[in-house]
There are 2 protein chains.
Amino acid sequence: MVNVESLRPTRQRRAVSDVLSTITKFSSAQEVHAVLISKGEKVGLATVYRTLQALAETGAIDVLRNEDGEALYRACGTDHHHHLVCTICNKTTEIAAPEVEIWTEKIAREQGYLISGHTIEVFGLCKNCR
Amino acid sequence: MVNVESLRPTRQRRAVSDVLSTITKFSSAQEVHAVLISKGEKVGLATVYRTLQALAETGAIDVLRNEDGEALYRACGTDHHHHLVCTICNKTTEIAAPEVEIWTEKIAREQGYLISGHTIEVFGLCKNCR
DNA sequence: CTTTTTGCAAATCTTTTGCACTCTA
DNA sequence: TAGAGTGCAAAAGATTTGCAAAAAG
């Protein structure tokens, strides 16, 4: 399970992390909550929101926004990477993008910006859905 | 002003487009509405939402989501490009990224995905804000 | 005259908060 | 025991939607 210092390992947090380690697609707080409930775990929706947020803040899990502006979470590898997301099944593949990181730096320098971060998400249909 | 076929050029739409062509940063529907009001234009908030949405759908303007999940709009160049956004003043610079587009294709092919689109946004502090 | 658009206000929906209560360290 | 964490239910806020009136072609 995703482990984070300074966050007490409560039953609820353990449950959320467990679910996250099971799911391979980006899921909303509501979806994670639904899974918990269906598994018989008693966890409040607010707690799921708070936990997911906390985990995301420490960088333990990744977040992205779907087209509707909902926050989607997913347990991911620890090093910097981006995602290839299936627009039908939401299957997610982590991708490393060294050349893009470099490009990012270059662009920023050219424009006189001091970079703080970037978002790169590629959408499409995965093998099974196409 | 941004012109789109099949959308009747009403006073409200003209007003929204005019504001968009004035603003150089990504703005929320609420912000656009506020500007309209402050200029004495009488346009309903719902209309602003509907107009912005319609324009975005036709590709006449660009949309992106901020960290809070709010939709931000901006009139942009017609060809495919991405953005460099200042996290303080929201100043936006359009950037072309041929190498990234190529990389995107390559990754998708490798993973067996059929690409439908991608999101690339670079955030940082602009010259004036750093 | 027919089809779009609008404006409002009401309804949605996701996410956040206040608070009293329950755990963990 | 003190500080963190939790559950609800209420509060926020951004969007959407229903509908009757107004505008456009």
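Residues numbered from 1 in each chain as written. Chains lettered and ligands numbered in written order. Predicted model: local features only at pLDDT ≥ 70, side-chain atom pairs only at ≥ 80, totals over all residues. Heavy atoms only, no water.

1. A few points about the domain arrangement of chain A
Residues and elements named next belong to chain A.
Then, in step 1: Domain boundaries assigned for chain A yield domain 1 (11–74) and domain 2 (82–124).
Then, in step 2: Inter-centroid distance (C-alpha atoms) of domain 1 to domain 2 is 23 Å.
Then, in step 3: If you look at the interface, domain 1 gives 6 residues, while domain 2 gives 8 residues.
Then, in step 4: Counting each side, the surface lost to burial between domain 1 and domain 2 is near 570 Å², with a carbon and sulfur contribution of 52%.
Then, in step 5: Considering only the surface of domain 1 that becomes buried against domain 2, Phe-26, Leu-64 and Arg-74 emerge as the three largest contributors, covering 62% of it.
Then, in step 6: Taken together, domain 1 and domain 2 are joined by 1 salt bridge.
Then, in step 7: In this structure, the salt-bridge partner of Arg-74 is Glu-94, at a minimum N-O distance of 3.5 Å.
Then, in step 8: Residue composition of the side of domain 1 that touches domain 2, by class: 2 nonpolar, 1 polar and 3 charged. (Domains from an automatic or database assignment. Contact = heavy atoms within 4.5 Å. Buried area = accessible area lost by both parts, 1.4 Å probe. Salt bridge = Lys/Arg side-chain N within 4 Å of Asp/Glu carboxyl O. Nonpolar A, V, L, I, M, F, W, Y, C, P; charged D, E, K, R; others polar.)

2. Topic: the sheet that holds strand β5 (residues 92–95) of chain B
Then, in step 1: With respect to topology, 6 strands assemble into an open sheet ordered β5(A)-β4(A)-β6(A)-β6(B)-β4(B)-β5(B), the strand pairing being mixed. The open sheet has two free edges, formed respectively by β5 (92–95) of chain A together with β5 of chain B, since each of these has just one partner strand. Averaged over all pairs of adjacent strands, the angle between their axes in this sheet comes to 20°, without regard to strand direction.
Then, in step 2: Here 4 bridges tie strand β4 (residues 82–86) of chain B to strand β6 (residues 114–125) of chain B, and the two strands are oriented parallel to one another. Paired with Val85(B) across the strands is Phe123(B), a residue of β6(B).
Then, in step 3: On the sheet, helix α4 (residues 98–111) of chain A packs against β4 (82–86) and β6 (114–125) of chain A together with β4, β5 and β6 of chain B and is oriented at approximately 135° with respect to β6(A).
Then, in step 4: Strands in contact with helix α4 (residues 98–111) of chain B are β4, β5 and β6 of chain A together with β4 and β6 of chain B; relative to β6(B), the strand with the most contacts, it is inclined by about 135°. (Pairing = 2+ DSSP bridges. Helix = DSSP H or I, 4+ residues; strand = E, 2+ residues; numbered from the N terminus. Axes fitted to C-alpha atoms, helices over the stretch in contact; angles between N-to-C directions.)

3. Considerations on the environment of Val19(A)
Then, in step 1: Relative to the helices and strands, Val19(A) is located in helix α1 (residues 11–22).
Then, in step 2: On a C-alpha basis, the gap between Val19(A) and Ile95(A) in space is 22 Å, while along the polypeptide they are 76 residues apart.

4. Here we look at the pattern of salt bridges
Then, in step 1: Counted under the stated rule, the structure contains 8 salt bridges over all chains.
Then, in step 2: Between Glu31(A) and Lys25(A) there is a salt bridge, and its shortest N-O distance comes to 3.4 Å.
Then, in step 3: You can call Lys25(A) partly exposed: its relative accessible area is 25%.
Then, in step 4: With a shortest N-O distance of 3.9 Å, Arg11(B) and Glu41(B) are connected by a salt bridge. Placement of Arg11(B) in helix α1 (residues 11–22) and of Glu41(B) in the loop between α2 (29–38) and α3 (45–58) is noted, with a sequence separation of 30 residues between them.
Then, in step 5: On the basis of relative accessible area, Arg11(B) is assigned to the partly exposed category, the value being 44%.
Then, in step 6: Residue classification places Glu41(B) among the partly exposed residues on the basis of a relative accessible area of 28%. (Buried < 20%, exposed > 50% of the residue type's maximum accessible area, 1.4 Å probe, protein only.)

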